[in-house]
Each structure stands twice: as C-alpha cells, then as structure tokens.
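# Breakdown of the fold
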Amino acid sequence: MISVLNSQLDNIPLHHLYDVVKPVTLSSTSPDAKFSNWAKTFVCKPLAVFEPTDEYQCEVILAIARREGKVVRAVGVGHSPSDLACTNGFMLRTRHLNKVLSVDYEKRRVIAQGGITLNDLHARLAEHGLAMINVGSISDQTLAGIVTTATHGTGIHYGVMSTHVLSLTLLLADGSRVHCSRHEMPDLFMASICGLGSTGLILNIELEVEPAFRLRDEGCSRPFEDVVSNIEAIAHSAEHARLYWFPVADTVRISLLNRTHEEKKSNGNWLWDSLMGHHILQFMLFIGRYFGAVNFWATHLAAWLASADSVAVDDGYKVFNLDCRYLQYTTEWAIPYSNTEACLRDLRQFFREENESPDGARTHFPIEIRFSAPDDIWLSPSNGQQTCWIGIIQYKPYGFNVPYRRLFDGFEKILARHQGRPHWAKTHPLVPEDLRKLYPDFDKFITVLDQVDPSGVFRSEYIQRHILGKQVDSRTFKTRRT
Ligand SMILES: Cc1cc2nc3c(=O)[nH]c(=O)nc-3n(C[C@H](O)[C@H](O)[C@H](O)COP(=O)(O)OP(=O)(O)OC[C@H]3O[C@@H](n4cnc5c(N)ncnc54)[C@H](O)[C@@H]3O)c2cc1C
C-alpha cells in the first residue's frame, strides 16, 4: 500500500480508514483483545487492539484516533510490572514491527524496529559478531519497551540501556514521521529515550553495540554485614556487579561479571535449577500464604541453595539474563549511589522488625541490588548521578496472590527517604509535584509533550496520573483491587 500524505489521510472517510486496518484489528472475541501484563497484576480491555504489520497501518491507526478523539497506547510484550502499558483506548501491539533493518559491524551499530524482542536482537547481532553492551535480567522485552522505560542492567560504569541509543524514528501524534538524535531535534530525542511511550510511536531505533563477548560470572555468598561495609569495593570490583540479598538469612549472593576470552563453562546445577530451585520453593511459598513461618524456611533454603562459590562463562547476554522464576509483585527504586550503605541498613532494620512481629510482613527473596553510571536523559532514574538500584519481589506461587502492600509501602518510604526515584515500569505512587523535585528536566519533558502531542493522543491513563497529575485511580486496571 502506498503511503499517502497525512493531511490526505485526514480527508479520507473514517469508515474507509477502518477498512484499511481491518485485517490487523483483533476480533473482540480473540483472547488477545484483552491485555494482561506478564505478572497478571494489571488487565485492560482496550476499545480496539491493532497489530499493524507496516508503518502505513500505524499512520492510519493514528489518523482514526485523532478523528475519534481516542488514546493510542503502544505495547511491546507487556512485561512492565505496573499498568504502564494499559489503556481503555486503542492498543497498538508492535509484535509484527520486529525487523532488523541494518547492521554495521565497523561502526558498531544496528538499526531495528521497536517491536523486536531482545532475544531476537541478540540472535541477529550474534550472526554479525556483535552484541548489546549491557542487558538486564531478561531478554523477553521489546527494544522500544526497554528504551522508553530506561531499563537497566548493572555496572557502575555502564549507563541504563537508553544511553546506547543513537537515534530514533518516531511517528508523532499528527502522523508525521521524524528522525531525532542528540544533534537532530535533540529535545524530542532526550524526551523519547525515556519517554514512557508518550512522545510518539517508536518505529526504528539505532543502537550502539559492541563486538560479541563472553562473560565470566564469579559468584559467592557472604554475610550482609561483610557486603554492606564493603559495598564501594564490591561495586567497583567488576564490570558488572550485582547482588542478591536474602534478608531472612542475612546473606548476600555476589555475582561479578567481567568480559573474558575463556572457554565456556557451565554452572548448571540440576538440583537447584529444577527440583529444589523451582518446584520445592514454589510449593513452600504457596504454603507460606497460609503459614507465614514457612516463608522463613523458604528463604533459608533459597539462600543455602545459592550459597556455593561458582564460576561460569558464556555468551554475554546469556550470563546477564536470569531465571526470574514465578509471577511476582515487584517494585524497584534508584537511589544516589552514595546512599547505598545507609539505605540498605535501614531496609535491614525494617525487614527485621517485620519478620519478628507476629503480624508483620513476610519477605520473599531476593532483594536485587544493581548499579548504573550517571546519564543526562531527562527522565532516566540515573539522571545526573551514579545510581544504586534496589528491587523487591513478592512471588505469586502458582499465580496466587500474596500479601505485599504493607511490605512495599515500608520499602518505598525508606527508598524515598534516600532520594529514591522509582523505576518507571514498576508500580509507584509518585505524581508530578514529587517528580519535579527529583528530575531537574521534568518540565522540559512536559513542554515537549505539549509540543508534539497537544491533543493527547499518547496520553494513556498512566501518563495522565503520574506525569500530568490527573485523577486516574491507580486501581483502574488492577486484577486485585486492594
Ligand atoms: C521478569 C522481569 C524482569 C525484568 N528485568 C528488568 C531489569 O533487569 N532491568 C530493568 O530495568 N527492568 C526490568 N524489567 C522491566 C522491563 O524491562 C520493562 O517493563 C520493559 O518496558 C518491558 O518491555 P516490554 O516490551 O514488555 O514493554 P511494555 O511493558 O509492553 O511497554 C512498556 C512501555 O513501552 C512503551 N512502548 C512499547 N513499545 C513502544 C513503541 N514502539 N513506541 C513507543 N512506546 C512503546 C509502552 O507504551 C509502555 O509505556 C523486568 C520485567 C520483568 C517482568
């Protein structure tokens, strides 16, 4: 189909536009016409779900939304733990906009469509002897999903993944297609590389990559006190240092990743991975829903299973990724790196009090502690500061709910006291007046939104609530209304 000018699209009868996108509009009886995030903690039933296969169809969907006064929410694979991807308006799923468009080994660059998953991107890059520079705990997400939320891996000298974006091609609310970078429309670029899908539809992303590499993962467990009093040395002791804290057991698993030319070496442990690690722990967490004391033993078992010294070597992206186990409630905050020790000590006190109190919250495991370098991206939680990320999880064994609110409320209060900035993809209570104090460029971001989307085509419920301060109930899309 030949793309026509958008002004012309606005003159085409609406029913004709609907006809154009009919082949990519899901039937309301399709299971995919309802959206649920990965953790099944938020669900929505959009007015319509589109799965475009080309850019022209995206233009038409936007033209219909403008005409009908509807919101369009782009969605990747829905791994955001909050309602960030939810909408009662139109949903535009990017699963078919998933191609690699060009790879340049010499310049260490790849251009891919926003809907490609990181798993697919790793495979395509590997064919060219290239790899992403840093990766988080999983690679199921889409490239646009990680860029718009400033998803991070770990490494005190490594920025969040958006710092590797060189340029973007966006489809704006008015249907125009723009290319932006640090040199071309820089404000739009700085807003969009952590823009929560609110500045436009990301069509293509140009990403800096590096020659494919292996990582050596050296692991050991240490008492909390030894780790926290040496946190500075540990964070700097590897290219990518990450820590997993088991609060009840008072131990921390240290995992230090460095680039290496060593042969691959497996760390597979059948007992841990399949029997104990997965099934027995999940069953214990399930029983822990009724008898809180069982969570205590589950954490001790998990800490013990993870306690052996180990060395593994594999392709970088495989070592970065982890088994994130069961569906989960989670929240994660970024604090100035200099507050790490004090914050961890406050958290330890809080978890102790909860675990010792008969009606206190029972912590699962592990608390994830990671690091990132400062950046200048307007809404990046690492903006302007070396950062320590601290994330908490309460598992949902077999998908069942568990109590988590009391624990997360206490956790969030402590992180906020240490100047924490919440991960954008995870649930948090902050509104513009809080965010303005945390982000020096918050108002620049709002200015860009007003410029590129004055009629609010991309202003989903999450954006309305957290960025624009509108009264949109945070329980609107919750599966469990507590
Ligand atoms: C098990 C698990 C592990 C995780 N590990 C990490 C981790 O290690 N580090 C970390 O920082 N985060 C982590 N996350 C969070 C995750 O990286 C983010 O939620 C990410 O946004 C998910 O990508 P997605 O493709 O599922 O995006 P979605 O959840 O579908 O969407 C996220 C946002 O991206 C926007 N978006 C998607 N596509 C486009 C597009 N083409 N144009 C414009 N906007 C778009 C959506 O509108 C929405 O605002 C994890 C989440 C889970 C469930």
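Residues numbered from 1 in each chain as written. Predicted model: local features only at pLDDT ≥ 70, side-chain atom pairs only at ≥ 80, totals over all residues.

Rules: UniProt positions are given in the numbering used here, feature names are shortened, and annotations may be inferred rather than shown by experiment.
Per an unreviewed UniProt entry, the recorded name for the chain is D-arabinono-1,4-lactone oxidase, and the organism is Marasmiellus scandens. Looking at the chain in UniProt, the text filed under Pathway (unreviewed entry) is "Cofactor biosynthesis; D-erythroascorbate biosynthesis; dehydro-D-arabinono-1,4-lactone from D-arabinose: step 2/2."

## Brief notes about the overall build of the chain
In plain terms, the rule: Helix and strand assignments follow DSSP, with helices taken as H or I runs no shorter than four residues and strands as E runs no shorter than two, numbered in order from the N terminus. To get the radius of gyration, use the C-alpha atoms; to get the globule rule, take the number of residues to the power 0.38 and multiply by 2.2 Å. Neighbour density around each residue's C-beta defines its exposure: 20 or more other C-beta atoms within 10 Å make it buried, 12 or fewer make it exposed, and counts between make it partly exposed, where C-beta atoms are placed from the backbone. The contact rule is simple: place each C-beta atom from the backbone, and if two of them lie within 7 Å, those residues are in contact.
For the chain, the helix and strand inventory stands at 16 helices and 20 strands. On C-alpha atoms alone, the chain measures out to a radius of gyration of 22 Å, which is about the 23 Å that the 2.2 N^0.38 rule sets for 482 residues. By principal-axis analysis of the C-alpha atoms, the chain measures approximately 65 × 50 × 40 Å. Across the 482 residues in the chain, those meeting the buried criterion constitute 47%. The contacts in the chain between residues at least 6 apart in sequence include a share of 73% that link residues at least 24 apart.

## Overview of the UniProt feature "domain: FAD-binding PCMH-type" (unreviewed entry) in the chain
Mapped onto this numbering, the UniProt entry gives "domain: FAD-binding PCMH-type" (unreviewed entry) at residues 42-212. A distance of 37 Å separates the end C-alpha atoms of residues 42-212, which is 22% helix and 27% strand.

## Observations regarding the site of the ligand
Keep this limit in mind: We count a residue as near a molecule or strand when its backbone-placed C-beta atom lies within 6 Å of that partner. Charged means Asp, Glu, Lys or Arg here, nonpolar means Ala, Val, Leu, Ile, Met, Phe, Trp, Tyr, Cys or Pro, and polar covers whatever is left, Gly included.
Not every one of the 33 residues close to the ligand is listed here, only the nearest: Gly76, Gly136, Gly145, Gly197 and Ala425. Elements represented by at least two residues in the shell around the ligand include exactly strand E4 (72-75), helix H5 (143-148) and strand E11 (201-208). Per element, the largest residue contribution to the shell around the ligand is four residues, and it comes from H5. The class makeup of the residues in the shell around the ligand is 15 nonpolar, 17 polar and one charged.

## Concerning the pairing of E11
Put simply, the test is: Should DSSP find at least two bridges between two strands, the strands are taken to pair.
The buried fraction of E11 amounts to seven of the eight residues, a majority that puts the element mostly inside the structure. Bridge analysis of strand E7 (residues 109-113) against E11 gives five bridges, and the strand direction is antiparallel. Its bridge partner being in E11, arginine 109 is matched across the sheet by glutamate 208.

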